[in-house]
Amino acid sequence: MEHSEVDPNAFVEERDYEAALRPKTLSEFDGQPRVREQLGLVLEAAMHRGTAPDHVLLSGPPGLGKTTLAMIIAAELGSGLRISSGPAIQHAGDLAAILSGLDEGDVLFLDEIHRLSRPAEEMLYLAMEDFRVDVIVGKGPGATAIPINLPPFTLVGATTRAGMLPGPLRDRFGFTGQLDFYDPADLAGIVEASAAKLGISIDEQARGEIARRSRGTPRIANRLLRRVRDFAQVKGHATAHRDVARSALELYEVDERGLDRLDRGVLDALCRLFDGGPVGLSTLALSVGEEIETVSEVAEPFLIREGLLVRTPRGRLATRAAYRHLGIRPPAAMPALFDDDE
Ligand SMILES: Nc1ncnc2c1ncn2[C@@H]1O[C@H](COP(=O)(O)OP(=O)(O)OP(=O)(O)O)[C@@H](O)[C@H]1O
């Protein structure tokens, strides 16, 4: 029988799986101790005062728990949650409809807030500051602004690029939580909690294998756990031990350092095709057949953090460690890293 390469249910499965695994309270949320403590204080103080907390901005790479935290904020406050995203709001009117449908104390989660259109962004300034929107009725000289008062609400914005947010928007958030990559111990804890929720038997060493290869990202840890579970199930292992985890992860091309096919593809292109760089991001993305954003937001943050790639004003450069990781001999003379900076 023919198999189609793309499983149409894959996304649905991933989404359901994520929903099932999301921690529901701040104390269940592993890792990010600083953000957890800071956010906990913001929420507790607001609850004492009986007011809606300040607007919260969560920034950091994908899969670190921004959506999860937004849901936790609403749950901890006992408030309703509305979810939308920058790209889903095409016109200011779309945002006005969402805002005017909010109930008092609701949490509005706007994912990818850096991708809001300019008119929507301007409408949001007023809504965040004065809990009001001005809806423009009519066109040209006869147009009038009708003010609509909104109930107090808390905006939780999420962005992978805090730097791309205009200053006036950033300044209207009372608290910014910067999520960092997780360390392997926290990830091992997350894998343990997820395995318990899914009824998967997996030993400590196997959990460690997954944690070390998850690129500091809970979403990846949960995904690798699922692959290890499949492997153990099909090969007839009641418990996933270390060797089972290793074999499964090898099969899915996730190496000991957590680099996957895309990461290695980027490094490989950089070292072999472009002699270590410098090469521009768009050229690099083209050479691995990926979107620019996938390379810059999914692969690069991890490669940079691992000391395998550097961003310079002239383009991306491979480090000696990148050559070593690929098992290639580095060139005798490496390009100077910041020679463009006077
Ligand atoms: N601290 C954590 N503890 C346990 N599980 C976590 C934690 N952070 C994230 N997860 C899990 O990782 C998955 C991805 O998290 P989430 O969707 O919140 O990430 P995100 O930062 O919003 O990603 P994106 O920017 O791509 O939307 C979810 O299944 C969630 O349960």
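Residues numbered from 1 in each chain as written. Predicted model: local features only at pLDDT ≥ 70, side-chain atom pairs only at ≥ 80, totals over all residues.

As named in an unreviewed UniProt entry, the chain is Holliday junction branch migration complex subunit RuvB, taken from Tessaracoccus flavescens. Per UniProt, the chain carries the Subcellular location (unreviewed entry) text "Cytoplasm". (UniProt positions renumbered as here; feature names shortened; annotations may be inferred.)

A. Here's a closer look at the pairing of strand β1 (residues 56-59). Taking every second residue as pointing to the same face, both faces of β1 are buried, with V56 and L58 on one and L57 and S59 on the other. Pairing analysis gives four bridges linking β1 to strand β6 (residues 154-159), with the strands arranged parallel. Opposite S59, over in β6, you have T159 as the bridge partner. As paired elements, β1 and strand β7 (residues 175-178) share four bridges and run parallel to each other. Within β7, the position partnered with L57 by the bridge is T176. (Buried ≥ 20, exposed ≤ 12 C-beta atoms within 10 Å, placed from the backbone. Helix = DSSP H or I, 4+ residues; strand = E, 2+ residues; numbered from the N terminus. Pairing = 2+ DSSP bridges.)

B. A look at the site of the ligand. Near the ligand you find 21 residues, and of these P62, G65, K66, T67 and T68 are the closest. Of the residues belonging to the shell around the ligand, the class tally is eight nonpolar, seven polar and six charged. A domain split of the shell around the ligand shows at least three residues from each of domain 1 (31-178) and domain 2 (184-251). (Near = placed C-beta within 6 Å. Nonpolar A, V, L, I, M, F, W, Y, C, P; charged D, E, K, R; others polar. Domains from an automatic or database assignment.)

C. Spatial organisation of the domain arrangement of the chain. Partitioning the chain into domains gives domain 1 (31-178), domain 2 (184-251) and domain 3 (261-326). Relative placement of domain 1 and domain 2: their C-alpha centres are 35 Å apart. With four residues of domain 1 at the interface, the matching set in domain 2 holds five residues. Across the side of domain 1 that touches domain 2, the residue classes tally to one nonpolar, three polar and no charged. (Contact = placed C-beta atoms within 7 Å.)

D. Layout of the nonpolar core. Counting 40 residues, the largest nonpolar core has A70, I73, L95, M123 and V156 as its most contacted members. When residues of this core are traced back to their parent elements, those giving at least two are α2 (33-49), β1, α3 (66-77), α4 (92-100), β3 (107-111), α5 (118-130) and β6. Residue contributions to this core peak at six residues, all from α3. If near-sequence neighbours (up to four positions away) are discounted, M123 is found in contact with A92, L95, A96 and V133. Membership of the second largest hydrophobic core comes to 23 residues, among which are L187, L224, A240 and L249. (Core = buried A, V, L, I, M, F, W, Y, C linked by C-beta atoms within 7 Å.)

E. Region of interest: the confidence of the model for the chain. Chain-level statistics for the chain give a pLDDT mean of 89 and a share of 94% at 70 or above. Note that residues 338-342 has pLDDT below 50 and, in this model, five contacts with residues that lie over four places away or in other chains. Interface confidence in the predicted complex, given as ipTM, is 0.96; pTM for the same model is 0.85. (pLDDT = per-residue confidence, 0-100.)

F. Local environment of α3. Helix length check: α3 (twelve residues) gives 17 Å between terminal C-alpha atoms against 16 Å at 1.5 Å per residue, within 8%. With ten of its twelve residues buried, α3 lies for the most part within the structure. Within α3, burial applies to K66, T67, T68, L69, A70, M71, I72, I73, A74 and E76. The inward-facing, buried residues of α3 contact α2, β1, β2 (81-85), β3 and β6. (Expected span 1.5 Å × (residues − 1).)

G. Up close: unusual backbone geometry. Backbone torsion omega between G277 and P278 reads 5°, so that peptide bond is classified as cis. Residues other than glycine seldom take positive phi values, yet F131 does so here, at roughly 50°. Mapped onto the elements of the fold, F131 is located in the loop between α5 and β4 (132-137).

H. Expanded view of the UniProt feature "binding site: DNA" (unreviewed entry) in the chain. Here, UniProt's "binding site: DNA" (unreviewed entry) annotation points to R311 and R316. You can see R311 is positioned in strand β8 (residues 309-312). Its 16 C-beta neighbours within 10 Å are what place R311 among the partly exposed residues. With sequence-adjacent residues up to four places away left out, R311 is seen in contact with I304 and R316. With respect to the helices, strands and loops of the structure, R316 is situated in strand β9 (residues 315-318). Here R316 is in contact with L270, G277, P278, V279, L281, L284, L309 and R311, once residues within four sequence places are set aside.

I. Expanded view of the pairing of β3. Within β3, five of the five residues are buried, which leaves it mostly tucked inside the rest of the structure. Every second residue of β3 is oriented toward a common face, with V107, F109 and D111 on one face and L108 and L110 on the other, all of them buried. The pairing of β2 with β3 spans five bridges and is classified as parallel. Bridge pairing in β3 links S84 to L110. The pairing of β3 with β6 spans four bridges and is classified as parallel. When the bridges of β6 are listed, L110 appears paired with G157.

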